[in-house]
Amino acid sequence: MHALVRDNVGTLLWVVVFAPLAGAIVNGILGPRLKRGTVSLVGVGAPVVAFVASALATWGLAGREAVSTTLFTWIQAGPIRVDLSLWLDPLSAVMILIVTGIGSLIHLYSTGYMHGDPSYSRYFSHLNLFLFAMLLLVLGKSLLLLFVGWEGVGLCSYLLIGFWFDDMAKAVAGKKAFLVNRIGDFGFLLGMFVLVFWMEGSLDVPALRDAVDMGGGHFVPGGTGVMLVTLALFLGATGKSAQIPLHVWLPDAMAGPTPVSALIHAATMVTAGVYMIARLNFLFALAPTTMAIVALTGAATALFAASIGLVQNDIKKVLAYSTVSQLGYMVLGAGVGAFGAGVFHLMTHAFFKACLFLGAGSVIHAMAGCQDIRLMGGLGKRMPWTRATFLVSTLAIAGVPLLSGFFSKDEILYKTLALQPASGPVAGWIGPLCFAMALAAALLTATYMFRLYFLTFSGELRSHHAHPHESPASMTIPLVVLAAGAALAGYVGLPIEHLNFWEHWLHPVFEDGAARFVSTGSHALEYGLMGVSTVVACGGIALAWALWRGPLTHVPAKAAAAAGGFYRLVCDRYRIDELYDAIAIRPFQALARVTHRWLDAFGIDAVLVNGPPRAVGWIGSIVRVAANGDVQAYAAALFVGLAVLLWLVIP
Amino acid sequence: MTGIETYALTPFISLTMLIPLAGAVLLALVPGRHGAAHRGLAFVVSVLAFACSLSVWVNFDPARAGFQLVEDRAWLPFGARYTVGVDGISLLLFMLTTFLTPLAILGAFSAIRKRAKEFYIAMLLLEVAMLGTLVAADMLLFYLFWEFMLIPMYLIIGVWGGERRVYAAVKFFLFTFLGSVLMLVGIIWMHLKAGGGSFALVDFLKLDLGFREQAWLFAAFGLAFAIKVPMFPFHTWLPDAHVEAPTAGSVILAGVLLKMGTYGFIRFAIPLFPDAAGAFAVPVMVLAVVGIVYGSLCSFAQGDVKKLVAYSSVAHLGFVMLGMFALTQEAVEGAILQMVNHGISTGALFMLVGVLYERRHTRAIDAYGGIARVMKVYAALLVIVTLSSIGLPGTNGFVGEFLILAGTFREALSGGGAFRAIGLALGIAAATGVVLGAVYMLTMVRKVLFGPIVHEENRALKDVSFREFAVLGALVVMVFWIGVYPSFFLSRTTASVRATLDAYKGRMVEQRTALLRGVDARAEDARAAPSPWRVAAQEVAR
């Protein structure tokens, strides 16, 4: 059996990718004419098929470095050659399992959540299309194929954020997501244009890795060229993974249906930036300056977004900022050279954040669309399954020991302190500063997540209109599975050398990148930090309990009043959107208006083109003669003129 | 290099042109003015022309660089010959023309109510002229077709256009006509220089022109082509022409006519005047990039959806020009593909605008909003075509833009000193077009399709009819075909582009003449051989 699977991994990979595409096409074209049950069957069946194929392919991969399969040559021109090739290595294997596994659960959940929606088949068509693009992103052998998936997931994100497009705000949010991501893609493209030149036409990741291994040429450690290329690529990652300064689209993306937020804007698509850095770890590791910037960006984003999460009142907005913050951890991990840890957190986060979003969806479903946590409370009694799974995931994200988030977050914190570029740190303060920010963010995470939990599930219901009830099994089953994952997923990467299956599995992918970093840490530091993390997590939870559940419930309002302007600034998300509006969007609109009205319509057209004829009467009269529509005269003039010219040239 | 590779045994190219010509004559003979017979006949004829053009595609050998399926016979007494053929540079555009014309005609069925007969005659004659321009290998023949294209298009805008149609038609005519006059002077100059006996492109290519001479000639040809493209700052005729033209006119204007300018550069201006082209490459690239940014900005500022699409053409053709003058293999192939891509996606966009216009008789973006709710298929089509226009991977637009930009970067990075810096700056500035294109297109899509329905009259809008769907569906198929499997199309261009660039890069007259010597020998043999027409006639007689 294993031999059979082993020999057919290539075929399985195409099944992984094309099953969701087939689902998307069937539901996209035939959907409106199909029965709802059929739509569900196709929509959920496709990701399940992909998941089974992924599991088999991963099994077939075991023991090998990578498996590659090619369909045909996609683009070939001049030196450029890009094949439509899939590439399964331990990293992409992990990713396809996450994407199809969690994807299947969320598709199943959607059959319940979207039950009454008139555009049911369109929803599943887009969601399947998303999986197709995401799997292409993950499995693409060429960086350009990764980019195809990258843009594809962006498209599906756009379509699904604006799924209920009758609401202009939702349509605007979708467009914003697409455009902000395009700014990142601009950087990604620039990086690829230089790389494809350096690589003499190939963008295959394995070829790139070999070239970096060989060294020389453009791939000099610490070289300016490599630094600029990786920075350009990182701009792409900041867009997709919602890092400062391109994080602004993700909170708005919550306009989409909640399962979409869980799948695309928490578990999978937004991690693509982290995945890209991990995929190119050998390249990023050549540029310590870029890595320092990556790390600082991640840490700053983690802290910045966590502080906003503390003051949001929309259940999905809290989770959105939480996602931005957690993505910051992953980026930080990648930036300090702990690629395995970054992807580890990606995986655990996929479980607990998907569970949290689906839990939120269950709550919103029960509250008949209401998302304001100030109106909730006491839902735990009425929704026991939702509450229990939500609690497990909240504990996991808060970093409570023995749950998944604890292991993954802790490893990032530890490595932030412990790892240094082998060529010496870019600046000594970067590591400690990142660590401090990440630790502060950890405290805030525990606090805002339990604030959310207490306000939603504890106490008494504050809304008088809602009649909350537990969701159907199609929604609670995925919650239970995800909560189990949120609790247990961390055990694949225990911080004990020979038990750390995760590091071992991913070692072949990251060894080149990791080799450029040295560890100055020790077990004492590692276990000591675990203690610190535990204290921070429990402290945060205690704080949340005291402030929103316990004896100090009057304090938050007082503190807010005392902080005054700063509080409002945080509530307004530091007014970054307003800033961009003032320094980028409005100037752009004004520039477009001026260009069109003054430069084009007036300067070029009225003055330069129509000016001379108007100014000089005889030209004007020619225009008038011509303008009376006497076409025959026109044609005659043309042919007479031509005849004269021909006569002239006849020898 | 544009030598002659093979002669046609069956004159497929001439037949392809003859079919619409005969169709136009036939239409003129059919009585009545508004009958369904005219449009049906016009459509059938244009489909037949497309079918015939497929035989050109099938008989084309991608491995050969020079003109193929050549027909060559004496025409005018002073050396102008009827020489037509296709190579990898013209083949795709040739096919695009025969592909788009029936679609444009089919799309016009309901829109053209008055003087329908004359309209379809004009469309078919326009097709003949466009095809002739693309296949002419004799410069005078080329020039005649080039100028003849103006007349039917002038009529289409001026007779069947909107309110300001006469202004727009005259502006279109004067702009392009004045630009072409200098080109005629250039052609005659080269004719005399070549001994006064020939207008053949192969003879012109052998001329030993000094740099100053090349520079003047490049300017004369370049102006004609730049206006047609249109390049910034010669573009202001375009928005007026597009806005006033009927939908079918816009489709053909954007789809094919504009490409005659970019085609002219790669077919004539670059191979004939390589030193001047090299010297002017950077300024042309600067104008191209200015066009990309400028066109995008103007597009964004439009409240008229048709004008928005028109300005987007300025930006898209900026990409084509950039690729053409980056003068690397992938950039030029990308530019040729992008010409086709623009024809498909912008053609489809104009169709889509036309669909709305026929229903509501307004092009104002504000008059719409929320129509995705009532026109579901339409909305899906508009979104797909928009994605193609903004170059989303998987659609045709991406392949072209990627190759153009990658080629531009390669040319910049492999150069040195100032050129490297300028080239990189241009490449980066052009790449912003990727963002800007998304900005104006998605803003338009949001305003037209999404949000609540604010105008009551939009509530009853009918979704696309079967006829409209057939037209748009055919274009959407091409969007994905080129996007997913571009090799099918790119491989046709490779040999010709390589030969053209090799000759350009060689820059040495000896090399060019050496390259042509073999061609000449073959050409002489072929000219001595009996005319393929006669062969064909004999076959038929038998």
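The coordinates are above.
Reading the values: the criteria
Residues numbered from 1 in each chain as written. Chains lettered and ligands numbered in written order. Predicted model: local features only at pLDDT ≥ 70, side-chain atom pairs only at ≥ 80, totals over all residues. Heavy atoms only, no water. Helix = DSSP H or I, 4+ residues; strand = E, 2+ residues; numbered from the N terminus. Rg over C-alpha atoms; globule rule 2.2 N^0.38 Å. Buried < 20%, exposed > 50% of the residue type's maximum accessible area, 1.4 Å probe, protein only. Contact = heavy atoms within 4.5 Å. Expected span 1.5 Å × (residues − 1). Bend = angle between axes of the 7 residues up to and from the residue. Phe/Tyr/Trp six-rings, centres within 6.5 Å; stacked < 30°, edge-to-face > 60°. Lys NZ or Arg CZ within 6 Å of the ring centre and 35° of its normal. Buried area = accessible area lost by both parts, 1.4 Å probe. Salt bridge = Lys/Arg side-chain N within 4 Å of Asp/Glu carboxyl O. Polar contact = N/O pair within 3.5 Å; in protein donor to acceptor, adjacent residues only side chain to side chain. Axes fitted to C-alpha atoms, helices over the stretch in contact; angles between N-to-C directions. Parallel < 35°, antiparallel > 145°, perpendicular 65-115°, else oblique. Left-handed = near helix turned anticlockwise from the far one by under 90°. Patch = residues over 30% accessible without salt bridge, like charges linked within 9 Å, V, L, I, M, F, W, Y side chains within 5 Å. Areas by Shrake-Rupley, 256 points an atom, 1.4 Å probe, with all protein chains shown as cover.

Peer 1: What is the right way to read the overall build of chain A from this model?
Peer 2: Scanning chain A for helices and strands turns up 29 helices and four strands. Taking 651 residues into account, the globule formula puts the C-alpha radius of gyration at 26 Å, and chain A, at 28 Å, falls close to it. With the principal axes as the frame, chain A shows a C-alpha extent of 100 × 65 × 55 Å. The buried share of chain A, reckoned over its 651 residues, is 61%. Long-range contacts, defined as pairs at least 24 residues apart, comprise 81% of the intrachain contacts of chain A with a sequence gap of at least 6.

Peer 1: Which parts of the structure should I look at to understand helix α26 (residues 576-609) of chain A?
Peer 2: Because each turn of an α-helix spans 3.6 residues, side chains separated by three or four positions in sequence point in the same direction. Between the first and last C-alpha of α26 of chain A there are merely 43 Å, a value that for 34 residues lags more than 12% behind the 50 Å anticipated at 1.5 Å per step. When the local axis directions of α26 of chain A are compared, the greatest deviation, roughly 40°, occurs at Ala 582 of chain A. Within the sequence span of α26 of chain A, burial applies to Ile 576, Ala 592, Thr 595, His 596, Asp 600, Ile 604 and Asp 605 of chain A. Of the surrounding secondary structure, the elements contacted by the buried residues of α26 of chain A are α14 (288-309) of chain A together with α7 (165-193), α10 (237-244), α13 (274-300) and α14 (305-326) of chain B.

Peer 1: Would you explain the packing of aromatic side chains in this entry?
Peer 2: One pair of aromatic rings is described through two measures. These are the centre distance and the angle between the planes. For the coordinates displayed, the defined rule picks out 58 aromatic pairs over all chains. Plain terms: the ring middles of Phe 165 of chain A and Phe 450 of chain B are 5.2 Å apart, the flat faces sit at 35° to each other, and that makes the pair tilted. Of the two residues, Phe 165 of chain A sits in the loop between α6 (143-161) and α7 (168-198) while Phe 450 of chain B sits in the loop between α18 (417-449) and α19 (466-484), which places them in two different chains. For the pair formed by Phe 165 of chain A and Phe 450 of chain B, the shared burial category is buried. A ring pair is formed by Phe 172 of chain B and Trp 237 of chain B, whose centres lie 5.4 Å apart and whose planes are at 55°; its orientation type is tilted. In this pair, Phe 172 of chain B sits in helix α7 while Trp 237 of chain B sits in helix α10, placing the two residues 65 residues apart along the sequence. As far as burial versus exposure is concerned, Phe 172 of chain B and Trp 237 of chain B are alike and both buried. Taken together through their ring pairs, the aromatic side chains of Phe 142, Trp 146, Phe 218, Phe 221, Phe 225, Tyr 263, Phe 265, Phe 268, Phe 273, Phe 280 and Phe 325 of chain B make up a single cluster. Positioned over the ring face of Tyr 120 of chain A is Arg 36 of chain A, at 4.5 Å from the centre of the ring. Here the guanidinium or amino end of Arg 492 of chain B rests over the ring plane of Phe 488 of chain B, the centre of that ring lying 5.1 Å away.

Peer 1: How should I be thinking about the interface of chain B and chain A in this particular structure?
Peer 2: The accessible area lost on association of the parts is a frequent measure of interface size. Between chain B and chain A, the contact holds 74 residues from the first and 62 residues from the second. Between chain B and chain A the total buried area reaches about 6,200 Å² when both faces are included, carbon and sulfur atoms providing 79% of it. Our enumeration of links across chain B and chain A arrives at two salt bridges. A salt bridge links Lys 171 of chain B to Asp 605 of chain A; the nearest nitrogen and oxygen atoms lie 2.7 Å apart. Put simply, chain B and chain A have 15 residue pairs in polar contact (both at pLDDT 80 or more) between them.

Peer 1: Looking at this model, I keep getting lost on the side chain of Asp 83 of chain A. Mind explaining?
Peer 2: Residue and element names in this part refer to chain A. Positionally, Asp 83 belongs in strand β2 (residues 80-88). Asp 83 gets classed as buried once you look at its relative accessible area, which sits at 16%. At a separation of 3.0 Å, a polar atom in the side chain of Asp 83 contacts the side chain of Thr 73.

Peer 1: Even after reading the chapter, I still don't get the packing of helix α18 (residues 384-398) of chain A against helix α21 (residues 473-488) of chain A, so can you show me in this structure?
Peer 2: Residues and elements named next belong to chain A. The N-to-C vectors of α18 and α21 enclose an angle of 25°; their axes lie 9 Å apart at closest approach. Put simply, α18 runs roughly parallel to α21. Helix-helix and strand crossings are classified by hand; for α18 and α21 the assignment is left-handed. Judged by residue contacts, Trp 385, Thr 386, Thr 389, Val 392, Ser 393 and Ala 396 of α18 engage Thr 476, Leu 479, Val 480, Ala 483, Ala 486 and Ala 487 from α21.

Peer 1: What's the story with a nonpolar patch on the surface in this structure? I'm lost.
Peer 2: Residue and element names in this part refer to chain A. On the surface, Val 594, Trp 598, Phe 602, Val 607 and Leu 608 cluster together to form a nonpolar patch covering roughly 530 Å² of accessible area. Residue placement: Trp 598 occurs in helix α26. Classification of Trp 598 by relative accessible area gives exposed; the value is 56%.

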